[in-house]
Amino acid sequence: AVKHCLQKSFPFLSCADDDIFSSAFCENSEKLINVDLFALAAKYYSLSNLGVCTPLEDVIEALKGDREGATGIKPDEFMNNKKSHEVQVMSELVDNIANYCGIKQVIDIGSGKGYLSSFLSMQYNLKVYGIDSSSSNTNGARERNRKLKKHWRAYQSRGRENLKSQSLEKANDRPVESEIKCKTINEELLNNASSLQNRDQVIIQGLVPSCGFTEMATPATNTETEADLVTGTRSHETKLSEEVFPILNVLPAEAVEDFSSSHYNCGELCEEEKVKRKMASLKTKARKSSESNLYVPLTSCITAETELNDIITDLEDCIMVGLHTCGDLAANTLRIFTAKPEIKAVCSVGCCYHLLSEQFENQEECQDQVWGFPMCQYLKDKGWCCGRNARMSACLALERVAVGQMLPTESLFYRAVLQVIIEEIYGVTKSDRRVGKTFSKSSSFIDYVRRSLKKLELDDSKLPDSCIMDYYEKYKHRMNELEAFNMLKVVLAPCIEVLILLDRLCYLKEQENIAWSGLVKLFDPVKSPRCYAVIALKNQSCS
């Protein structure tokens, strides 16, 4: 299935090694006979080896063009390392896509606690609607965003200091002649309009050489009259506003103080200048007052049939994003993207493959249901099915295991023995209830079993401690087998993940209104194992 998805999405690729996996198994018994070949075959069919991903640097460069990106705050100020890494990388990409498409609205599907949404709105001044099915998540995101705004100025102050250092370093690297001209101009401004705040002046000094100020007229001589000097200062002041304001616009809101008439002491201003500055002040106030509405958390369950206009009243051209959208939500995000003309681009990182619904997993097929897998027509025609065990394996993190973060063998063993107990003692083979993270809260195997039975709403009174420990002792010697089996699942995990991701990419390739689509590795897989994004941009003519 991976081979054919590759051939459909990337016709130029050759997948000649049809039997690379089959050679690892016995033809008659179908048992694994060559572990080394199995591992090599799994590596062969992993995304990192197939060469189908577009490098993130290439995507950013193509989107950005000659435009300079914003310099600002790193989210590690208010997130853990994993979330900070994810938000910083994805927010920069989303901002570049939004700028490339000329849009300011973002819809964050499965926004959770609003980490990505709030950062996109505050750092990049994008209007973000964060939609999550959990009202507790939405309320938590709203409260977190409120608290974050209180501290945002402090974060920006640190970002300003970083910008100041970077600007000074760049200025020191420029030719001496450029430095002299820059210094001369700034000395003139300081001598004749000395009320610029020190921190803003340092920032401007760093920005001036790259803003065309070296082309300005030579400084005033000692023979100039006071009137000429004031006139010249106003000219430089106007030039300063014209040249520097566009640069300030790429910074976060309030990252640099606005220039107002109170900053200067240049004599009485002309009426035209007063009106101009008053309008600028009103715009600044309007911008600041609207900042509180840049991020709007909403509660709604998103399906493939969801009408966004019913949720977002001012829906306009936008980009749809999803950071670790769970199960079918990732697939539905792509379906909504292709169906809604207002959505010009999508950037989706999925997770929780084990929660995907599969069209061909059960014999009884519901004709009207929209399934999470498969999406592309080729796998639909083949009736392809992964199964829950395979999808569970796709959630494992090979890269983490490779650097020594071993699998939680003991908790897996507890879970396996618990299943035997439930089947043999209670006759239960399937349940909609979940044990969850019971292992971390348990003091022993007995405690684990009793906590789990209560979660499953099974009567634990008929199960004495001695019986529980008998099961533990019976299977204890097989823990090594369990570990070996799970290591094989880890090795195979990238192959199953690549099938799911290529199915989604192939679905996008089948659509006629897509200008470009691709898979991009966004994150460090050790920090964030679900690191691949499905990205697509619609044709500009689509409306």
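Predicted, not measured: the structure shown is a model, and the values here were computed from it.

Details of the overall build of the chain
Counting its regular elements, the chain contains 20 helices and seven strands. Contacts in the chain between residues at least 24 apart in sequence constitute 74% of all its contacts with a sequence separation of at least 6.

Side note on the pairing of strand E4 (residues 318–326)
Summarising burial for E4: eight of the nine residues are buried, a large majority. In terms of strand pairing, strand E1 (residues 105–109) meets E4 through four bridges, oriented parallel. Among the inter-strand pairings, Gln105 is bridged to a residue of E4, identified as Cys318. Where E4 lies against strand E5 (residues 343–351), eight bridges are found, and the strand directions are parallel. The residue bridging Met320 from the neighbouring strand is Val346, located in E5. Running through helix H13 (residues 328–339), the crossover from E4 to the neighbouring parallel element E5 is right-handed.

A closer look at the nonpolar core
Counting residues in each nonpolar core, the largest one holds 85 residues, and the members touching the most others are Met90, Leu93, Ile107 and Leu522. Take this core: its biggest share by element is eleven residues, from helix H20 (residues 479–509). Dropping the residues within four chain positions of it, Leu522 is found in contact with Leu56, Val89, Met90, Leu93, Val349, Cys531 and Ala533. Membership of the second largest hydrophobic core comes to 22 residues, among which are Tyr426, Leu453, Cys467 and Tyr471.

Quick look at the side chain of Asp95
Tracing the backbone shows Asp95 in helix H5 (residues 81–101). By relative accessible area, Asp95 is classed as buried at 9%. With sequence-adjacent residues up to four places away left out, Asp95 is seen in contact with Tyr124 and Leu126.

Looking at unusual backbone geometry
In this structure, the amide linkage connecting Phe373 to the following residue, Pro374, adopts the cis form with an omega of -5°. In the Ramachandran plot, Asn125 falls in the positive-phi region, its phi being about 55° despite a non-glycine side chain. Phi angles above zero are rare outside glycine, and His324 is one such case at about 60°.

Considerations on the pattern of salt bridges
Within this structure, the stated rule accounts for 14 salt bridges. Glu86 is the salt-bridge partner of Lys82, the closest N and O atoms lying 2.6 Å from each other. Remark: Glu86 and Lys82 occur in helix H5; sequence separation between them is four residues, near one turn of the helix. Since its relative accessible area comes to 0%, Glu86 is described here as buried. Glu342 is paired through a salt bridge with Lys340; the nearest N and O atoms lie 3.9 Å apart. Classification of Lys340 by relative accessible area gives buried; the value is 12%. Counted as one network, the salt bridges with shared partners bring together Lys82, Lys83 and Glu86.

Quick word on the confidence of the model for the chain
Do not read the fine detail of predicted coordinates wherever pLDDT is low. On average, the chain scores 77 in pLDDT, and the residues at 70 or more come to 66%. Low pLDDT, under 50, characterises residues 12–16; the stretch is placed with eight contacts to residues that sit more than four places away or in other chains. Across residues 288–293 the pLDDT falls below 50, and counting only partners more than four positions away or on other chains, this stretch makes eight contacts in the model.

Some thoughts on the packing of aromatic side chains
One pass over the structure, following the stated rule, counts nine aromatic pairs. Ring geometry for Tyr414 and Phe439: centres 5.2 Å apart, planes at 75°, overall edge-to-face. Here the residue Tyr414 occupies a position in helix H17 (residues 409–426), and Phe439 occupies one in the loop between H17 and helix H18 (445–455), the gap between them amounting to 25 residues. Judged by relative accessible area, Phe439 falls into the partly exposed class, the value being 31%. Geometrically, the ring pair formed by Tyr414 and Tyr472 is edge-to-face, given 6.4 Å between the ring centres and 80° between the ring planes. Here Tyr414, found in helix H17, pairs with Tyr472, found in helix H19 (residues 465–475); they are 58 residues apart in sequence, far enough to count as distant. For Tyr472, a relative accessible area of 15% gives the class buried. By the ring-pair criterion, three or more aromatic residues cluster together here, those being Phe413, Tyr414, Phe439, Phe445, Tyr448 and Tyr472.

Describing the sheet that holds strand E7 (residues 532–538)
Strand order across the open sheet formed by seven strands is E3-E2-E1-E4-E5-E7-E6, with mixed pairing between neighbours. At either margin of the open sheet sits one strand with a lone partner, and together these are strand E3 (295–299) and strand E6 (514–521). For this sheet, the mean angle separating the axes of adjacent strands, direction not counted, is 15°. The strands touched by H20 within the sheet are E5, E6 and E7, with E6 carrying the most contacts at an inclination of about 165°.

Overview of the packing of H5 against helix H6 (residues 115–124)
Packed helices, taken two at a time, are described by the angle their axes make and the gap between the axes. It is the contact of H5 with H6, at a shortest axis distance of 10 Å, that shows an interaxial angle of 50°. Overall, the two elements H5 and H6 adopt an arrangement that is oblique. Note that H5 runs across H6; the crossing there is right-handed. Contacts between H5 and H6 involve Lys83, Val87, Met90, Ser91, Glu92, Val94 and Asp95 on the former and, on the latter, Tyr115, Leu116, Phe119, Leu120 and Tyr124. Split into classes, the residues belonging to the contact of H5 with H6 amount to eight nonpolar, one polar and three charged.

Some remarks on the side chain of Ser393
Tracing the chain through its elements places Ser393 in helix H15 (residues 388–394). Note on Ser393: relative accessible area 6%, which makes it buried. Discounting residues that sit within four places of it in the chain, Ser393 has contacts with Lys489, Ala493 and Ile496.

Scoring rules and cut-offs
- Residues numbered from 1 in each chain as written.
- Predicted model: local features only at pLDDT ≥ 70, side-chain atom pairs only at ≥ 80, totals over all residues.
- Heavy atoms only, no water.
- Helix = DSSP H or I, 4+ residues; strand = E, 2+ residues; numbered from the N terminus.
- Contact = heavy atoms within 4.5 Å.
- Buried < 20%, exposed > 50% of the residue type's maximum accessible area, 1.4 Å probe, protein only.
- Pairing = 2+ DSSP bridges.
- Right-handed = clockwise from strand over helix to strand, strands pointing away.
- Core = buried A, V, L, I, M, F, W, Y, C linked by side-chain atoms within 4.5 Å.
- Salt bridge = Lys/Arg side-chain N within 4 Å of Asp/Glu carboxyl O.
- pLDDT = per-residue confidence, 0-100.
- Phe/Tyr/Trp six-rings, centres within 6.5 Å; stacked < 30°, edge-to-face > 60°.
- Axes fitted to C-alpha atoms, helices over the stretch in contact; angles between N-to-C directions.
- Parallel < 35°, antiparallel > 145°, perpendicular 65-115°, else oblique.
- Left-handed = near helix turned anticlockwise from the far one by under 90°.
- Nonpolar A, V, L, I, M, F, W, Y, C, P; charged D, E, K, R; others polar.

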